[in-house]
Structure formats: structure tokens, C-alpha cells
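# Secondary and tertiary structure notes
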Amino acid sequence: MSESYTANDLLNAIAAASKTLGERRDEINRLNVFPVPDGDTGTNMSLTLESVVGNIASLPIGADGVAIRKAITTGALMGARGNSGVITSQILRGLCEGSVGCEDVDAASIDAALSHAVDVAFSAVRKPVEGTILTVLKDSAAAAKRARKKKLATEEALAAVVDEAYASVQRTPDLLPVLKENGVVDAGGYGLAIFFDAFASALTGREGPMRDELAFARQAAPKVEIEQINDWEGSDYRYCTEFLVHSDEVDVDAAKDFLPTMGDCDLMVGMHPNFKVHVHSNRPDEVLRWFLDHDAQVSEVHIHNMQQQSVARSDALAAERQAEVKPLGFVAVAAGEGNAKILESLGVDVVVSGGQTMNPSTKDLLDAAGRVNADAVIILPNNKNIIMAAQSACELSEKPCAVVPTKSVPEAFAALFGVDESASLEDNVEAMTEAYADVKTGEVTTAIKDSKDAAGNPIKEGDVIGIADGAIEAVGSCVQAVAMELLAAMDADDADTLTILAGEDFADDAFEALVARIGEEFDELEIDAHRGDQPLYPLVMSVE
């Protein structure tokens, strides 16, 4: 049974899969066992796919299959970066060549395309190694063949391929000892599984989140010291060298015999007149000279010093592993770059973006707590609508976790001044809660519908309103005037300090004028003014 998918459907699915791979490339990069000479695996695969998308985007409307396949294979070849990118380009080439003559997307055409992709990709690698992207490709192709024999529908066949791709990724540590030693799966294989998954989702319209069985794939960085960079095998060479070759006459067999004499991890893929060359060598000049001496032109030359990159990456990994675990860490929710910077300056480890109009989920807060390098964590929700999610996150957290139920960013500022890192989690929660107990928070924003203020007076959509601890206390047409009225309602005359945060749309000159006006009217009030850059709220203020 086949499904009727147009060429445009397939191209859109490739673009969607490329976008997903780009969004998750850092996740893939973190799995790299080896500090990368060619750029991280996720980055290389993503850049290769971006080149493909750029090529197919330039196709004229109604382009035929020949033009589409050429755009994909040429884009992949020209944009390939590093070993992972080059192998990805060959997988795409194989998929395109294997689909020639297939009129529909069905189990048979999926089998044909993946089977040919295996042949092309494996032929590009001089020494294929099990437990890599090639293994995941081979296992996925085997799943496609089983789906064809069972005569599965298209969507079922694609699902079978995706499921097997993820299962194969999970098996890679059993095939490649260095993966098991470092507690990770193969990065390239994981990237390929994500690509297959995103492509199938976009093509079939499958809804819901990407498959997330691979929580194991997001573990910490490798645990062991890495002394030398390589792709799949040890390299004694300094320079990662890659470039494009343009020639109608270059002897491919002679070139493939020459490259291993200059180094390792050598690849030459493509066909006359365009090829991609990749090799690790101590003499990139001689590699380039050989092709120039054989009447070939070269372009897009990239040479990276792998030893320098290896030292830098190893130092970074060592520093990360040796970072001292704090007794107490903090997660806070806030909107606005300025607010985030202030919270970080006060000791917050992770700031989760969110607030009144965007409440982070329990998972968002749980993940943030997990990223804090501390024995225990305190979450500052800074909004009454986020407190329950924060409490749920604490209940699910594997490390001790508690909530200080702040309802605004200024309350969090005050709470953080009550921290005593030598005290227990429970004592800090109590002390921080007491520290912000006397804080009164006010916010100035714009009414989005008709309503009434605290006294029952009418409010029209578009009015500027001032809210003090949840009650609308001031209404007007001017932010500055409403702010002054709001401060009076907050008993600023009796307060010692005022913290005032300017929103992203409140101009600097208007903010400075308001601060000066407040200073004149409340001459005994100590004013702490900052740009919070929060959206929708031109001003957030607190007095205590």
C-alpha cells in the first residue's frame, strides 16, 4: 500500500528535518567522545543539511525528480563538513539514487532507497567501524526491508525505520568500547535517528513531541581524559584538511591511493566533476599540491589544527568535571535579559525564561534544577501561577529541592539577600521567605479589555493601569503618572528603598525622567533603578 506524497511534501519534510537537527545540534555535540577537529558532529550534520535546504529552495516551481535529486546531492556534497558531514552527504546521495524509478513513497521505495544508501555510504569509508552512524544506517535499512516483506503501509514502514534507528543508537555502546567507557551513544548515529524521525513526522503529519526514549543520550560530557582528537580511530596527524575538487579528468582511484599515504581518516566522495576530500595530515600543502598537479581545481579549503583544538577541549572538559559542587544552588523564573542578569549577579545558577504570559512547565523547572551543580536547589517561581509547577518539580527532583514562593522578581531579589550557604536547605527556605515578607510589588501595564479597578471604577481597553499586590490601584493614560499614583497606593512615603525595573519598550530617557521625578517627590526614598527589559510591563516596582 502506498501513500500519495508530492515532491513538495518530500522537500518540505527535508527542510523540517534540517530545522530539527539544527535545533538539537548542541544535544548531539555533547555526545562527542572525541574533541572534534572538524567541528562537532551535530554542527557538521546540521550545516550539511542546511546546504541541502538552500539548494532545494532555489529550485524552480515544478522541478522534476532529476533536478530535485541533483539539488540534494550537490547541496550535501558542497556543504559537507567533517567526517560526519561527508558521510551524511553520501547517505543522502544514496537515498536519492536508490529512489530513482520509484513512483510512490511506500515500503518498497523506502527499502530501495535505504538499501542503496548503505552501499554508497559504506563504499565511501575505507575502514567502516561498527557502533557508528553506518551501523545505525544499516540497521534502519534492515528494518525497511522487513517492512517491505510484511507489506506495511507507508506510515508503518517509516515508523519501523525510526524505531529501529533509535534502537540501533542505543546498542552502539555495546559495539564501540570507547562509547561505553564514556557513558554515551554514538553522536552521528543519534543525529541520523533524529533526522529520520523528524523527516517521517513532517511527511506523515505525525503530531506530538519527537520521540524521547533516549534520555541516556543526554548524560553528562565524557568522563575520561581525551588526549587526542579523531573521528573513529586514533590519529597521529595534526591538521584536519578538507576541500572541494573540481575536475573532469582526475583519476579517482589514484587519488584514493594517494590520500592514505598522507594521513588518516581519508575520504574522497562525489563524482566527476565535483568531489569532496577530507584527510587528517601533517602536510596539507602536499595534499593540495597533488590535486593541483593533476589538473584539478580546489575550493572551499578548510584546515584546522587538531592538536590545539584537542588541548582546548580537554581543558574545558576537565574544568567542567572538576567544578566544585556547591552546597546550595538556585533556579529563578524571569522574563527580560536585564532581570536575568541581576538574578545571576545575586547567585542564581539557572534563569528560566517565563512570567505572567509564559509559565514554564514542571519539566522546564525540573530540567533547570538538574543543571545546577549543587547538592540542593531552591526554586524562586516569581509568579503565583508558577508556584505549583515549581512545587511539582521539587517533588520529582532526584536531589533535595525546595520552593521559596516568591510572586515577583523584586521579591526574589530580597529573598536572595537572606541566603546563608552554611545553613541547611530548610533553614534557608525559612530565612529567604522572611527576607521578602515586607516587600510590596507594583506593576504598570496596559489593560487588554474593559474591567474595573479596586474601587469599582471602569477601566477601558488600552488604559494604563497600576497593579499593587494583585489589585488595580491606579488607572490613566500615561505610564509616568500611573507610576506615581501607584507608589502612593503602595505607601512609598513610609518605605526605605524602591527597586524599579524598566520594561523592554520603556525608553531610557523616559525612565531617567521618571526616576528623577520619584526622587524629588519621595526625597527620603533610596532608589535602585535598573533595566529589567521585561515584556508587556513598562515598569515593575517594589518598596520595602
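To keep things clear, this report deals only with the structure shown in the data block. (Residues numbered from 1 in each chain as written. Predicted model: local features only at pLDDT ≥ 70, side-chain atom pairs only at ≥ 80, totals over all residues. Heavy atoms only, no water.)

## Brief notes about unusual backbone geometry
Most peptide bonds take the trans form, and the phi angle of most residues other than glycine is negative. Counted only if it meets this: A run of H or I in DSSP counts as a helix once it spans at least four residues, and a run of E counts as a strand once it spans at least two, with each numbered from the N terminus. Whether a residue is buried, partly exposed or exposed follows from its accessible area with a 1.4 Å probe, protein chains only, as a fraction of its type maximum: under 20%, in between, or over 50%, in that order.
Looking along the chain, the bond that leaves His272 and enters Pro273 is cis, with omega of 15°. Mapping Pro273 onto the fold places it in the loop between strand 4 (263-271) and strand 5 (274-281). You will see that Cys265, though not glycine, has its phi angle at about 50°, which is positive. Its place among the elements puts Cys265 in strand 4. For Cys265, a relative accessible area of 8% puts it in the buried group. Positive phi, normally seen in glycine, also occurs at Glu300, with a value near 50°. Position of Glu300 relative to the elements: it lies in strand 6 (residues 297-305).

## Comments concerning the nonpolar core
Applied cut-off: The criterion is simple. A nonpolar core is a set of buried Ala, Val, Leu, Ile, Met, Phe, Trp, Tyr and Cys residues joined through side-chain atoms within 4.5 Å.
Of all hydrophobic cores here, the largest spans 64 residues; its most connected members are Ile91, Leu114, Leu137 and Phe196. The element contributing the most residues to this core is helix 10 (residues 187-204), with eleven residues.

## Observations concerning the pairing of strand 3 (residues 239-246)
For the record, the criterion: Any two strands are treated as partners once DSSP identifies two or more bridges connecting them.
In terms of residue burial, strand 3 counts as a mostly covered element, since six of its eight residues are buried. Bridging between strand 3 and strand 5 involves eight bridges; their strand directions are antiparallel. Residue pairing for strand 5: His246 is matched across the bridge by Asn274. In this sheet, strand 6 lies alongside strand 3 in antiparallel orientation, the contact comprising seven bridges. Its bridge partner being in strand 6, Cys240 is matched across the sheet by His304.

## Structural notes on the pairing of strand 15 (residues 471-476)
Remark: a regular strand shows side chains that alternate across the two faces of the sheet. Pairing of strand 14 (residues 464-468) with strand 15, which is carried by five bridges, proceeds in the antiparallel orientation. Counted as the bridge partner of Gly466 is Ala474 from strand 15. What sits between the antiparallel neighbours strand 14 and strand 15 is a turn of two residues, in which Asp469 has the positive phi angle 45°.

## Section: the sheet that holds strand 7 (residues 326-334)
Two pairing modes exist for strands in a sheet, parallel and antiparallel, and in both the strands are linked by backbone hydrogen bonds. This is how the line gets drawn: Helix axes are fitted to C-alpha atoms over the stretch in contact, other axes to C-alpha atoms as well, and angles between N-to-C directions run from 0 to 180 degrees.
Strand order in the open sheet formed by four strands is 8-7-9-10, and the pairing between neighbours is parallel. Looking along the sheet, the strands with just one partner apiece sit at the ends: strand 8 (350-353) and strand 10 (401-403). Ignoring which end each strand starts from, the neighbouring axes of this sheet average 20° apart. With four bridges connecting them, strand 7 and strand 8 associate as parallel partners. The residue bridging Ala334 from the neighbouring strand is Ser353, located in strand 8.

## Overview of the packing of aromatic side chains
Under the convention used in this document: Between 30 and 60 degrees the pair is tilted, below 30 it is stacked and above 60 it is edge-to-face, where a pair is any two Phe, Tyr or Trp rings, Trp via its six-membered ring, whose centres lie within 6.5 Å.
Taken as a whole and judged by the stated rule, the model has six aromatic pairs. Here the aromatic rings of Phe506 and Phe511 are separated by 6.2 Å at their centres, their planes lie at 75°, and the arrangement is edge-to-face. Taken individually, Phe506 and Phe511 each receive the classification buried, so the pair is uniform in this respect. Three or more aromatic residues joined by ring pairs form one cluster here, namely Phe243, Phe258, Trp290 and Phe291.

## Section: the environment of Ser168
Test applied: Two residues qualify as a contact provided that any one of their heavy atoms is within 4.5 Å of a heavy atom in the partner residue. Pairs of N or O atoms within 3.5 Å make up the polar contacts considered here, provided that, within protein, one atom can donate a hydrogen while the other can accept it, and that residues adjacent in sequence are counted only when both atoms are side-chain atoms.
Tracing the backbone through its elements, the reader meets Ser168 in helix 8 (residues 154-175). In the structure, Ser168 is positioned 30 residues away from Lys138 in sequence and 9.2 Å away in space, judged by C-alpha atoms. Discounting chain neighbours no more than four positions away, the residues touching Ser168 are Thr135, Val136 and Asp139. Polar side-chain contacts of Ser168 include one of 2.7 Å to the side chain of Asp139.

## Concerning the packing of helix 3 (residues 41-57) against helix 5 (residues 82-98)
Put simply, the rule reads: An angle counts as roughly parallel when it lies under 35 degrees, as roughly antiparallel when it exceeds 145, as roughly perpendicular when it falls between 65 and 115, and as oblique in every other case. Crossings are classed by handedness, with left-handed meaning an anticlockwise turn of the near helix from the far one by less than a right angle and right-handed meaning a clockwise turn. Three categories are distinguished: nonpolar for Ala, Val, Leu, Ile, Met, Phe, Trp, Tyr, Cys and Pro, charged for Asp, Glu, Lys and Arg, and polar for the others, with Gly belonging to the last.
Running from N to C, helix 3 and helix 5 point in directions that differ by 40°, and their axes come no closer than 7 Å. The angle between the axes of helix 3 and helix 5 places the two elements in the oblique class. The hand of the helix 3/helix 5 crossing is right-handed. Listed contacts from helix 5 to Thr41, Asn44, Met45, Thr48, Leu49 and Val52 of helix 3 are Gly82, Ser84, Gly85, Thr88, Ser89 and Leu92. Classifying every residue of the contact of helix 3 with helix 5 gives four nonpolar, eight polar and no charged.

## Overview of the environment of Leu267
Turning to its location among the elements, Leu267 is positioned in strand 4. Taking the C-alpha atoms as reference, Leu267 lies 6.4 Å from Val279; in sequence the two are twelve residues apart. When sequence neighbours within four positions are dropped, the list of residues in contact with Leu267 reads Asn83, Val86, Ile87, Ala124, Val125, Leu259, Lys276, Val277 and His278.

## Some details on the packing of helix 4 (residues 65-79) against helix 5
For the pair helix 4 and helix 5, the least separation of the axes is 8 Å and the interaxial angle reads 170°. The pairing of helix 4 with helix 5 is recorded here as roughly antiparallel in orientation. In terms of crossing hand, the pair formed by helix 4 and helix 5 is left-handed. Residues Arg69, Ile72, Thr73, Ala76 and Leu77 of helix 4 touch helix 5, and the partners they reach there are Ser89, Gln90, Leu92, Arg93 and Cys96. A breakdown of the residues in the contact of helix 4 with helix 5 according to their chemical character gives five nonpolar, three polar and two charged.

## A closer look at the pattern of salt bridges
For clarity, the cut-off: For this analysis, a salt bridge means a side-chain nitrogen from Lys or Arg found within 4 Å of a carboxyl oxygen belonging to Asp or Glu.
A complete count under the given rule lists 18 salt bridges for this structure. Arg531 serves as the salt-bridge partner of Asp533, at 3.2 Å between the closest nitrogen and oxygen. Under the relative-accessibility criterion, Arg531 is labelled partly exposed at 25%. In this structure, a network of salt bridges that share partners links the residues Asp139, Arg146, Glu164 and Arg171.

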